[in-house]
Amino acid sequence: MKSTKDFIWVISLLLGILSEGFAQTKSFINASDFGFSPEASGTKNAVALQKAVDKGGTVIVSKPGTYKLAGTVYVGSHTTLDFGNNVFIQKVNEKGDFSHVIINKGAPTKTYDQNITIRGLHILVNKMDVRKFVEAYGLHGQLAFFYVKDLKIERFRCLDLGKAQYGIHVCTFEDIIIDDVIIKGEKDGVHLGRGKRFTIRNGVFQTFDDAVALNAHDYSTGNPELGWIENGLIENCHDLNAENTTGYFCRILAGAWTDWKEGMEVQQSDAVIANGKIYRVQAKPDGTKYISNTKPTHEKGSMVLDGINWGVVQDDVTYTAGVRNVIFRNIFLEKPRIGLSIHFDNDKYSRSYYPNAPIPLQEKLSFDNVRVLHDKPIPFLSIATPVDLVTISNSTIKNNNIKFLSNKAMTNYFKTNLLIYGCAFDYEGSLELINNSIAGKVISLKTFGNVSLREGFSAQIKNNHGEITVDSDLPGLK
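These notes cover the structure that comes with them. (Residues numbered from 1 in each chain as written. Predicted model: local features only at pLDDT ≥ 70, side-chain atom pairs only at ≥ 80, totals over all residues. Heavy atoms only, no water.)

**Considerations on the nonpolar core**
So the rule is basically this: For our purposes a nonpolar core is just a set of buried Ala, Val, Leu, Ile, Met, Phe, Trp, Tyr and Cys residues, chained together by side-chain atoms within 4.5 Å. Partly exposed residues are those whose accessible area sits between 20% and 50% of the maximum for their type, while under 20% is buried and over 50% is exposed, using a 1.4 Å probe and protein chains only. The secondary structure listing takes helices from DSSP runs of H or I that are at least 4 residues long and strands from runs of E that are at least 2 residues long, numbered from the N terminus. Contacts between residues were defined by any pair of non-hydrogen atoms, one from each residue, lying within 4.5 Å.
Within the largest apolar cluster, 115 residues are counted, with the highest numbers of intra-cluster contacts made by L214, F249 and F328. At 8 residues, strand β10 (residues 141–161) tops the list of elements feeding residues into this core. Every residue in contact with L214, bar those within four places of it in the chain, is listed here: L192, F198, I229, I234, C250, R251, I252, L253, V323, V326 and F328. In terms of nonpolar packing, the next biggest core, distinct from the first, is built from 8 residues, I103, A107, A136 and L139 among them.

**Comments concerning the pattern of salt bridges**
Here is the rule we go by: For this analysis, a salt bridge means a side-chain nitrogen from Lys or Arg found within 4 Å of a carboxyl oxygen belonging to Asp or Glu.
In this structure the tally under the stated criterion is 28 salt bridges. We note a salt bridge from D175 to R197, for which the minimum N-O separation is 2.5 Å. Here D175 is found in strand β11 (residues 166–185), whereas its partner R197 is found in strand β13 (residues 195–207), with 22 residues between them in sequence. Across the salt bridge formed by K364 and D388, the nearest N and O atoms sit 2.8 Å from each other. Of this pair, K364 sits in strand β28 (residues 363–372) while D388 sits in the loop between β29 (381–383) and β30 (389–393), and the two are 24 residues apart along the sequence. The structure contains a network of salt bridges with shared partners spanning K187, D209, D210, R251 and D345.

**Considering the side chain of T416**
Following the sequence through the fold, T416 ends up in strand β33 (residues 415–421). The contacts of T416, once residues within four sequence positions are left out, are V387, D388, F404, K441, V442, I443 and S444.

**Observations concerning helix α2 (residues 42–53)**
The condition that has to hold: By this rule, a helix spans an expected 1.5 Å times one less than how many residues it contains.
Here α2 is 12 residues long and its end C-alpha atoms lie 16 Å apart, about the 16 Å a rise of 1.5 Å per residue gives. Of the residues making up α2, those classed as buried are G42, N45, A46, A48, L49, Q50, A52 and V53. Among the structural elements, β1 (28–30), β2 (57–61), β3 (65–69), β4 (73–75) and β5 (79–83) are those in contact with the buried residues of α2.

**Examining the pairing of β33**
Using the following cut-off: The rule for pairing is simple: two strands pair if DSSP sees at least two bridges between them.
Only one face of β33 is covered, namely the one carrying T416, L418 and I420; the face carrying K415, N417, L419 and Y421 has none of its residues buried. Note that β30 and β33 share 5 bridges and pair parallel. Looking at the pairing, V390 lines up with L418 of β33. In the sheet, β33 pairs with strand β36 (residues 442–448) via 7 bridges, with the strands oriented parallel. By the bridge assignment, I420 is partnered in β36 with T447.

**Comments concerning the environment of I252**
Note that I252 resides in strand β16 (residues 250–253). Accessibility expressed as a relative area gives 0% for I252, which makes it buried. C-alpha of I252 to C-alpha of A107: the two residues are 145 residues apart in sequence and 24 Å apart in space.

This is how it looks when you write it as structure tokens:
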């Protein structure tokens, strides 16, 4: 050491580094410091975890164990909630049942929260599967976000979904990433409402209902708002087999509605535009038709008019909802059900398309490297809404066709361009590749670079008074 000054400088530097390291350590909040513990009651844990996340920053739960939780925890902006290995959050009824394990603070007031990360959350539903609609009508994920930007959900697990609540539910969003999830049970795994820029990747699903739902429209109880879902990627996901079979790997749901008119007939879930807002019928799904003679004009909440319960949905007006610019990549379909459905609802729960409403055109949907792993004669893709371009590439298709289905209320389905390339057809015999049941439907089919894995394969088209042009390399269509 050349001088005392040099020695003092080195000591000061070391103290600075130690001080900085200590400050960084202190920037992490351990929920146990607030009493969050595997030994505590669910009521105490709910209070303790809420106090911890109210501090913001990075909150960690490091001690392994099962933590009882007797109430919803509200997470605000600029917060990371990090659950360590072998940590389980178990819903318990100590002071009444509740819906959401975690929800963002701005959800009840439609105020955007941003920069939130939930990592390592493993929910034990423990048969507490309820829709309370406390924060927002139509929001019912075990993990739920409504009005959120810059959201990341990583390493999420839930293996005991009930019949009422989704695993993850996000609506009215910008920039979300859902990565590394395993979800099993009876309801939707990941359910999205309107929003833009999203990624869902590395998912394993074993669900009675949809594994992934892109529900731009929805039942009145299914999403709190309506609009477009756009600019997304869904990749490396597995739809595992299960004893019960319904829903789809992915539901791609569109809808449209009109201005309110005196004397119009409405039913459960119908939407109308009035007073600069969207209102929806919130009723029992019993097929009842109502005649509306009184225009809804209330500013918030719900009001019964002419025996119709009208709920205010949102202030920003749109007449259509749908999905556009979404890529599906590396999808493995083990469960024998329709893998991918582009459609409207039309039943007692909801009719997505109101007669004579503006027609929603879903746009540019791509399906790359989708592998059908079952051997059932079930459609690969079902299309029941207008869509401009569907691309299927590098996929393996067995006895699975593409069906175009009609909606009785729709008058124009527009032209659909269907592009199929680089696919392997693993089927012996004649395959009805396209089945069109829409009179007047225009379809342009182009295929190239495909391969038949069996010598007897031949592709066919069944057409019900539509107009289909074909430019194909497939046997039977050349």
